[in-house]
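Summary of structural features
Chain by chain, the residues run as shown.
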2 protein chains.
Amino acid sequence: MPYSAPLAAIENALKYNADIDAAGATGAFENYDSDLLAPVLEEANKLASNVLSPLNAEGHKHGATLKDGVVTAAPGFKEAYKTFAEGGWIGLPFPEEFGGQALPKSLAIAVMEMMQSANPSFSLNPMLTFGSIEALIEKGTDEQKSTYLEKLISGEWTGAMNLTEPTAGSDVGALKTKAVPNGDGSFAITGQKIFITWGEHDVAENIIQLVLARTPEAPAGSRGISLFLVPKFFVNADGSLGDRNTYQCIGLEEKIGIHASPTCVMEYNGAKGWLIGEENKGLAAMFIMMNAARLQVGLQGVSVCEAATQSAEAYARDRKQGKAPGVEGDAAIIHHPDIRRTLVSMAATTQAARAIVYACAGASDLAEHSKDAEDKAKFKQREDLLVPIAKAWCTDRGCDLANLAVQVYGGMGFMNESEAAQIMLDARINPIYEGTNAIQAMDLVGRKLSSDKGAGMQAIIADIRKTVSDASATGNGHLAIVANRLYSAVSYLEESTEWMLKSMADNRAVALAGATAYLRLAGDVVGGYLLAQSAIRSLEADDDFKTKAITLARVFADETLTQAQGRMEAVSAPANLVEDAMATLFDPIEA
Amino acid sequence: MPYSAPLAAIENALKYNADIDAAGATGAFENYDSDLLAPVLEEANKLASNVLSPLNAEGHKHGATLKDGVVTAAPGFKEAYKTFAEGGWIGLPFPEEFGGQALPKSLAIAVMEMMQSANPSFSLNPMLTFGSIEALIEKGTDEQKSTYLEKLISGEWTGAMNLTEPTAGSDVGALKTKAVPNGDGSFAITGQKIFITWGEHDVAENIIQLVLARTPEAPAGSRGISLFLVPKFFVNADGSLGDRNTYQCIGLEEKIGIHASPTCVMEYNGAKGWLIGEENKGLAAMFIMMNAARLQVGLQGVSVCEAATQSAEAYARDRKQGKAPGVEGDAAIIHHPDIRRTLVSMAATTQAARAIVYACAGASDLAEHSKDAEDKAKFKQREDLLVPIAKAWCTDRGCDLANLAVQVYGGMGFMNESEAAQIMLDARINPIYEGTNAIQAMDLVGRKLSSDKGAGMQAIIADIRKTVSDASATGNGHLAIVANRLYSAVSYLEESTEWMLKSMADNRAVALAGATAYLRLAGDVVGGYLLAQSAIRSLEADDDFKTKAITLARVFADETLTQAQGRMEAVSAPANLVEDAMATLFDPIEA
């Protein structure tokens, strides 16, 4: 089934969860106009559904291929990439001085949601380019900016992130790649990088590698890594392309999914590169890319939720099996109560995931562009808290929903060529890359929650309590129930937050053992809150989507907010027990 | 990592959850002796870990292949099958008169757990043979028994189940395959069957197909299907093999997992077969195979849980990444609190799943062989209730745990050749085949719960309450907490059961919309109960396993029984809402 974007749901989340008009009102986005939303989203949907979606199944079957160091993208990808780049979609959120359109990040997120739903393998390429652009904007020299940014933003060139090495994955500080000064301001980069997404390909004429490496005198660990720009082809003074740099793609990983996204083993043999930002400050630059990428991966989770829901619905309407009341002959399985419950649940979870990612993107826009310093700080704090939740909660839900879609397909879902199987297989990387979801949970608890002693989370909790009152005040019956469930759920989140802060002080290992469960609870409650927020605001605005918004909030409250007390207990109880249980159940562990 | 059976955990579940000595005490199993357990399990472990496990990875990579109607098993499978058959493992639970060993079914289950953990693709072949044997024992004529049973039980021949057709999956009554009398007592079978596990292969010299088909005058639907025996090679009067029957394997499915288990498209072109049991009573015969197969698939869930836990543990011990307190240099990731919490949780869930399947097998033994009629009925009721829970709950947990293992592996888990990826991919079929897990939930609610108005579930609830008292009475601190959590959880199960029974009477569609969530709750509570039972009995017996048994019960109670209230709410609230939500959120559905 071809993908078709849920335009009304997306616009609703942009308006009421991302608060895109508030970003527009800062004056930072000259080109933004509320009336622009619908036409931009419609255009993006055309590209996603007419160009990218039809290539997705073939990409799964055929994959990208490597021969003699040359990576050939899956059939049709090169032409589709050209169409995508020419549409100006990469430049949406970037400054006009480099050819961008200077529109809110939340709008770019909405556009990328569609691309990711339609064809996740394809969309990883621009996703990695975004990160490179952000790093260069923030850390690049004027010369680097003028040489590379315009071509990256136009999509003529793409960017790739070279972080991981065989012994340096989650612990990036362990990397060994060397960067030795050539004496002319450039460095000779030598080492092997693995898991490099779209590190080599034939869809654009140049690739700008951003490579983490270690200079000769660098301190050990993460304080001794620097970021380098290593172009595939050197750029002449007139902007034309010169010689090929000395690195090679020496292997493609055989993965269970995203077959059409080449995952490269890169061998750097004294490749020439230039420092981005300061020496030994590569980690900070990396986190710019990483933070952008984490929200994008969270968005991939949303895209998976949507694709899985659409796929399950289409199959359930089409597949005839068994009888149902009121249906003559064999009934489509969408008539079966369990399938209906599944679809309704999928729809609500999808919108909750969307709301979380869009709210994070909206907070990011306002953190950057609010006129008021206090607002800026408040939204920055909100963004920082929401990034790990968006990344982990939404990608886990993506896998859950993909799994449900397979279940709706029955035996067909286990066939390699089925759409549901592809969605599930492609989705499985999302909880792993850009920091595993356990690392997100540790970031949430160990860094984000601890750095302000829970003030950011308390601010969210206060906003949720305000939403409880607002929901009750609407007089709507569904929203009264939502308000009740949210009222209880937020108390459990608050209690769990207090436990977490205390445990971080008392016994960090215990706290971290509860981190994943805490993030789950936080995502559930924030998701329920954002759906309530959207319902209330849709009702106030008499929005066409209001009945759906109310129903989505109600379904999510009934199914997910009801779990909050149990989830709170699952944070602390197992965490307190884990060391004893480990010692009892498993053989001794050597230090 | 080679698989190694958790012998103590298995023996514990056999003794205290399956109550295998009670089966022995019925006198029905002359060959059974309590002292036999350990040596049988040890021998089975040798086969699983030394013969089957080493072939598993290669089976994933290479798969079975089809050329000109001939299916060649993955490398080494033919030789391994010979070893397996010669060991007499297939005959373990079957009558001595046909060459079996007449041992309790629960012991056979324990043995198969190991085989399934070590190599699920391989083990599907004997699993399907079991079903064929059971159907022949119950429904075969004396001639059929004498011709086929001994060879199936010895493993010289294998059996396959031919149920599904392209338009008859979950709704088997829709099947179209024809069986026309030849006038000599045999029938000519014509039609296409799909998804036939090990339907064709080269590991044994003959294959006995059990095929559902429809005779010319058969009524429509499931009351018009009959079961036929269709041998690959006809059997001469002297027992030697004669001509090849006229059916063909015309295709192998390309699946995402169990690559070494050939999933065949079978084309029957007037193949000669003989009726098993009465005409038009094929459904009853099918359910004999099906019930046996459902418990075996539930067991596959257990096997996946165990394999995933072992794989995650081994990888976490081996993989060095980042720092941990008290460890010099890079620490193995098993030192990280989140990994530890994951492993501990996996261990507890695995034992709970094992306890459920073993308890079901134990109930089956006592249902068949108890001397007391009332006991027989009680255990039959227990078995009937536990079958769908064992099938669905344990296979869902298998997928959960396989997913966690992939997460522990990080990026490596997404690589096709990694052990964790194979476990996850192989496991994904389990919630689908032999009746999807939604069908299990409907069976639990619509058939098992309703048929006795909840009496069987009330009996379980009473047993759980007894266990709550027993756990408190031990004076053990952990078990006191388990008792508390179980006390609450069983009340929620009771409340949910009452809602379900009432809803089945009031509005069947609403009840069925809650069926999957109800099964989940029931599995959680029964799992917690059985772990408590094992802990109490281990403590009473001063068993070596007692400290582990207590810890497993405590971990499961803290993590899973704490969710019971939320899960109860998730049964009724979304179910009540589903019709309205469906109408609001989705486009109209044609009848």
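Quick notes on the rules
Residues numbered from 1 in each chain as written. Chains lettered and ligands numbered in written order. Predicted model: local features only at pLDDT ≥ 70, side-chain atom pairs only at ≥ 80, totals over all residues. Heavy atoms only, no water. UniProt positions renumbered as here; feature names shortened; annotations may be inferred. Axes fitted to C-alpha atoms, helices over the stretch in contact; angles between N-to-C directions. Helix = DSSP H or I, 4+ residues; strand = E, 2+ residues; numbered from the N terminus. Parallel < 35°, antiparallel > 145°, perpendicular 65-115°, else oblique. Left-handed = near helix turned anticlockwise from the far one by under 90°. Contact = heavy atoms within 4.5 Å. Least-squares fit on C-alpha atoms with pLDDT ≥ 70 in both. Buried < 20%, exposed > 50% of the residue type's maximum accessible area, 1.4 Å probe, protein only. Buried area = accessible area lost by both parts, 1.4 Å probe. Salt bridge = Lys/Arg side-chain N within 4 Å of Asp/Glu carboxyl O. Polar contact = N/O pair within 3.5 Å; in protein donor to acceptor, adjacent residues only side chain to side chain. Nonpolar A, V, L, I, M, F, W, Y, C, P; charged D, E, K, R; others polar. Disulfide = S-S within 2.5 Å. Expected span 1.5 Å × (residues − 1).

Chain A has the name Acyl-CoA dehydrogenase in an unreviewed UniProt entry, where Hirschia litorea is given as its organism. Reading the Sequence similarities (unreviewed entry) entry of the UniProt record for chain A gives the comment "Belongs to the acyl-CoA dehydrogenase family." The record held by UniProt for chain A lists under Cofactor (unreviewed entry) the comment "FAD".

Packed helix pairs are specified by the crossing angle of their axes together with the interaxial distance, meaning the distance between the axes. Residues and elements named next belong to chain A. Here helix H16 (residues 515-540) crosses helix H17 (residues 546-559) at 155°, and the two axes come no closer than 8 Å. The angle between H16 and H17 falls in the class roughly antiparallel. In this structure, H16 crosses over H17, and the sense of that crossing is left-handed. Between H16, through Asp524, Gly527, Gly528, Leu531, Ala532, Ser534, Ala535, Ser538 and Leu539, and H17, the contact on the second element is made entirely by Lys546, Ala549, Ile550, Leu552, Ala553 and Phe556.

For the rest of this paragraph, the subject is the UniProt feature "domain: Acyl-CoA dehydrogenase/oxidase N-terminal" (unreviewed entry) in chain A. Within this numbering scheme, the UniProt entry marks residues 78-156 of chain A as carrying the feature "domain: Acyl-CoA dehydrogenase/oxidase N-terminal" (unreviewed entry). With 71% helix and 0% strand, residues 78-156 of chain A has its two end C-alpha atoms placed 12 Å apart.

Mapping chain B onto chain A calls for a screw motion: a turn of 180° about the axis and a shift of 0.0 Å along it, with 0.0 Å RMSD after fitting. The two molecules are tied by a two-fold rotation axis, judged by turn and shift. No C-alpha of chain B lies nearer the rotation axis than that of Gly566 of chain B, which sits 3.2 Å from it. Of all interface residues in chain B, 100% are interface residues in chain A too; the two copies therefore contact each other through one and the same surface.

Residues and elements named next belong to chain A. The residue Glu434 is located in the loop between helix H11 (419-427) and helix H12 (437-451) in this model. Under the relative-accessibility criterion, Glu434 is labelled buried at 14%. As for Glu434 and Ala293, which are separated by 141 residues in sequence, their C-alpha atoms are 6.8 Å apart. Contacts of Glu434, omitting those with residues within four sequence positions, involve Met161, Met290, Ala293, Arg294, Val297, Lys391 and Gln440.

A separate point is the interface of chain B and chain A. Reports often express the size of an interface as the amount of accessible area lost when the parts come together. Each partner contributes to the interface: chain B provides 87 residues, whereas chain A provides 87 residues. Both faces considered, chain B and chain A share a buried interface measuring about 7600 Å² in area, 65% of it formed by carbon and sulfur atoms. Along the contact surface separating chain B from chain A lie 4 salt bridges. Between Arg340 of chain A and Glu579 of chain B there is a salt bridge whose closest N-O contact spans 2.7 Å. Counting across the interface, chain B meets chain A through 33 residue pairs in polar contact (both at pLDDT 80 or more). Looking at side-chain class alone, the side of chain B that touches chain A contains 39 nonpolar, 24 polar and 24 charged residues.

Our next topic: the environment of Leu444 of chain A. Residue and element names in this part refer to chain A. On the secondary structure map, Leu444 appears in helix H12. Taking the C-alpha atoms as reference points, Leu444 and Ile333, 111 residues apart in sequence, are found 41 Å from one another. The contacts of Leu444, once residues within four sequence positions are left out, are Leu385, Pro388, Ile389, Leu449, Tyr518 and Leu519.

This part takes up the pattern of salt bridges. In the structure shown here, the tally under the stated rule is 52 salt bridges over all chains. The residue Asp524 of chain B makes a salt bridge to Arg520 of chain B at a minimum N-O spacing of 3.2 Å. Here Asp524 of chain B pairs with Arg520 of chain B, and both are found in helix H16 (residues 515-540), just 4 residues apart, close to one helical turn. When its relative accessible area of 24% is taken as the criterion, Arg520 of chain B is described as partly exposed. Where salt bridges share partners, they join Arg485, Arg554 and Asp558 of chain A together with Glu569 of chain B into one cluster.

Turning our eyes to something else, we now look at the side chain of Gln116 of chain B. Topologically, Gln116 of chain B is positioned in helix H5 (residues 105-118). If near-sequence neighbours (up to four positions away) are discounted, Gln116 of chain B is found in contact with Ser123, Leu124, Met127, Gln300 and Ser303 of chain B.

Let us now look at the state of the cysteines. Residues and elements named next belong to chain B. Considering all chains together, one arrives at 0 disulfides over all chains under this definition. No disulfide involves Cys360; its sulfur sits 9.2 Å from that of Cys394, the nearest cysteine. Since its relative accessible area comes to 0%, Cys360 is described here as buried.

Under the 1.5 Å per step criterion, the end-to-end length of helix H9 (residues 337-369) of chain A is 48 Å for 33 residues, consistent within 8% with the ideal 48 Å. Most of H9 of chain A is tucked away: 31 of the 33 residues are buried.

The next subject is the packing of helix H8 (residues 282-318) of chain A against H9 of chain A. Residue and element names in this part refer to chain A. Contact geometry for H8 and H9: axes closest at 9 Å, N-to-C directions at 160°. The pairing of H8 with H9 is recorded here as roughly antiparallel in orientation. In the crossing of H8 with H9, the sense of the turn from one axis to the other is left-handed. Between H8 and H9, the residues in contact are Leu295, Gly298, Leu299, Val302, Cys305, Glu306, Ala308, Thr309, Ala312, Glu313 and Ala316 and Ile339, Leu343, Met346, Ala347, Thr350, Ala353, Arg354, Val357, Tyr358, Cys360 and Ala361, respectively. Of the residues in the contact of H8 with H9, the class split is 16 nonpolar, 3 polar and 3 charged.

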